[in-house]
Amino acid sequence: MKKIPLLILIFSQLIFALDISSTKVNNADTLFLKLEKKDIKNPKLTFDKHNIDFYKVPNKQNSYYALVPISYYKDFKKYKIIISYIENEKKVFKGIPIEVIDGKYESEVINVDSSKVTLSKKNKSRVIKEYNKAMKIYNTTSKELFINDKFIYPIESKITSDFGKKRVYNGSLKSYHSGTDFRARTPTPIKAVNDGKIVMSENRFYAGNSIVIDHGHGIYSGYYHLSKMYLKNNTIVKKGDIIGLSGSTGRVTGPHLHFSFRVHGIQVNPLQLMELLNNNFIY
Ligand SMILES: [Zn+2]
């Protein structure tokens, strides 16, 4: 991906450099920002009332990065990212204009009998419980970054359903496909896409046997519908470690791997995020 040097301001012989991966971004994609500046403290940004910290780029001095995840449901319009930091005891602000554009995701029509769309009271309360528990995990930001090498795919296989497909159930738009589906005959070994820590390893109503890995700095990958989960919570994993076997657990029509990512609690396109991090980090 081409980097766009957005601002280079020279003042008092100090250089302020800011790179942004793109100023136009699809809904559900992630932006990468890099700030290079000496002698600053507390670099942060705000995007549409969402506060995000900059983190130090590993193995580099005076270099910070931030990820800005764009929600699938974000309005297509212009926004401003406000960057701030403290320099010489003073707070400095910079505004960066960006535009969220339509990712033009395809639609898929799903016809299922209504008993599968309407949940029983018991299942509904289970789903809500699981959702709240998961969101608590995703909204936790580990200060430590586990990744120090490029991401790999969880499985070498054909993609059977892309991220972001609009899902029209019995004629009405209900949701979108929240991950990327890979063809995976049961039981195919599934790999950790990068280093991290297991923060979820449990059976869920929709997702079946689910593993979530915390990669640090608010980045989480998820692996669903597994037939076997090999690792328990708090296990440290290395890139390429086999975390489980693919399957068809949960609410699915057949075996496959549903693979997803969240950044700062927001669901994003997993393949775009991995490519973005692979291209922008100097590992
Ligand atoms: Zn899926």
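Since the structure is predicted, the reported quantities are computational estimates derived from the model, not experimental observations.

What counts, and where the lines are drawn
Residues numbered from 1 in each chain as written. Predicted model: local features only at pLDDT ≥ 70, side-chain atom pairs only at ≥ 80, totals over all residues. Heavy atoms only, no water. Donors = N, O, S within 2.8 Å, 3.2 Å for Na, K, Ca; no water. Tetrahedral: all angles 85-135°; square planar, octahedral: opposite > 155°, others 65-115°. Buried < 20%, exposed > 50% of the residue type's maximum accessible area, 1.4 Å probe, protein only. Pairing = 2+ DSSP bridges. Helix = DSSP H or I, 4+ residues; strand = E, 2+ residues; numbered from the N terminus. Axes fitted to C-alpha atoms, helices over the stretch in contact; angles between N-to-C directions. Phe/Tyr/Trp six-rings, centres within 6.5 Å; stacked < 30°, edge-to-face > 60°. pLDDT = per-residue confidence, 0-100. Contact = heavy atoms within 4.5 Å. Polar contact = N/O pair within 3.5 Å; in protein donor to acceptor, adjacent residues only side chain to side chain. 1 Å grid on protein atoms, 1.4 Å probe; cavity = no way out; pocket = protein on both sides within 12 Å on 5 of 7 lines; lining within 4 Å. Points joined across faces, edges and corners; volume = space filled by probe spheres on them. Nonpolar A, V, L, I, M, F, W, Y, C, P; charged D, E, K, R; others polar.

Quick word on the coordination of the zinc ion
Okay, so step 1: Of the protein atoms, only His 177 (NE2), Asp 181 (OD), Asp 181 (OD) and His 258 (ND1) coordinate the zinc ion, at distances of 2.0 to 2.8 Å.
Okay, so step 2: Coordination at the zinc ion is irregular: its four donor atoms span angles of 52 to 154 degrees at the metal.
Okay, so step 3: Each donor residue of the zinc ion lies on the same chain, and together they follow the pattern H-x3-D-x76-H. When sorted by exposure, His 177 lands in the same class as Asp 181, which is buried.

Some remarks on the sheet that holds strand S10 (residues 90–101)
Okay, so step 1: Sheet architecture is open: five strands sit in the order S3-S10-S9-S5-S6, paired in mixed fashion. Of all the strands in the sheet, the pair left with one neighbour each is strand S3 (24–26) and strand S6 (50–53). Strand-to-strand, the axes of this sheet are offset by a mean angle of 30 degrees, without reference to chain direction.
Okay, so step 2: In this sheet, S10 lies alongside S3 in parallel orientation, the contact comprising three bridges.

A closer look at the packing of aromatic side chains
Okay, so step 1: This model, assessed by the stated rule, comprises 19 aromatic pairs.
Okay, so step 2: Measuring from ring centre to ring centre gives 5.6 Å for Phe 32 and Tyr 65, while their planes differ by 15 degrees; the resulting arrangement is stacked. Of the two residues, Phe 32 is situated in strand S4 (residues 30–36) and Tyr 65 in strand S8 (residues 63–69); the sequence distance between them amounts to 33 residues.
Okay, so step 3: For Phe 32, a relative accessible area of 3% puts it in the buried group.
Okay, so step 4: A ring pair is formed by Phe 205 and Tyr 206, whose centres lie 5.0 Å apart and whose planes are at 80 degrees; its orientation type is edge-to-face.
Okay, so step 5: Given the relative accessible area of 4%, Phe 205 is considered buried.

Some remarks on the confidence of the model for the protein
Okay, so step 1: On average, residues of the protein score 92 in pLDDT, and 93% of them are at 70 or above.
Okay, so step 2: This stretch, residues 9–13, has a pLDDT under 50; its non-local contacts, to residues over four places away or in other chains, come to nine contacts.

A closer look at the pairing of strand S11 (residues 107–110)
Okay, so step 1: Side chains Glu 108 and Ile 110 project from S11 onto a buried face, and the interleaved Ser 107 and Val 109 project onto a face without burial.
Okay, so step 2: For S11 and strand S13 (residues 166–169), the ladder comprises four bridges, and the chain directions are parallel. Bridged to Val 109 within S13 is Val 168.

Describing the environment of Arg 262
Okay, so step 1: Here Arg 262 lies in strand S23 (residues 256–263).
Okay, so step 2: Judged by relative accessible area, which is 13%, Arg 262 ranks as buried.
Okay, so step 3: Sequence separation between Arg 262 and Ala 134 is 128 residues; the distance between their C-alpha atoms is 11 Å.
Okay, so step 4: In contact with Arg 262, other than residues within four places in its own chain, are Met 135, Tyr 138, Gly 218, Ile 219, Tyr 220 and Gln 267.
Okay, so step 5: In terms of polar contacts, Arg 262 uses its side chain to reach the side chain of Gln 267, at 3.1 Å.

As for the layout of surface pockets
Over the atoms rolls a probe the size of a water molecule, and in doing so it shows where empty space is left.
Okay, so step 1: What the largest pocket holds in volume is close to 1800 Å³.
Okay, so step 2: When residues in the lining of the largest pocket are grouped by element, the largest group, seven residues, is from helix H2 (residues 121–138).
Okay, so step 3: Taken together, the residues of the lining of the largest pocket break down into 20 nonpolar, 18 polar and 10 charged.

A word on the side chain of Asn 278
Okay, so step 1: Mapped onto the elements of the fold, Asn 278 is located in helix H3 (residues 270–280).
Okay, so step 2: For Asn 278, the contacting residues outside a window of four places in its chain are Lys 150, Phe 151 and Tyr 283.

What about H3?
Okay, so step 1: Buried residues dominate H3, accounting for nine of its 11 residues.
Okay, so step 2: Looking at H3, one finds that the buried residues are Pro 270, Leu 271, Gln 272, Leu 273, Met 274, Leu 276, Leu 277, Asn 278 and Asn 280.

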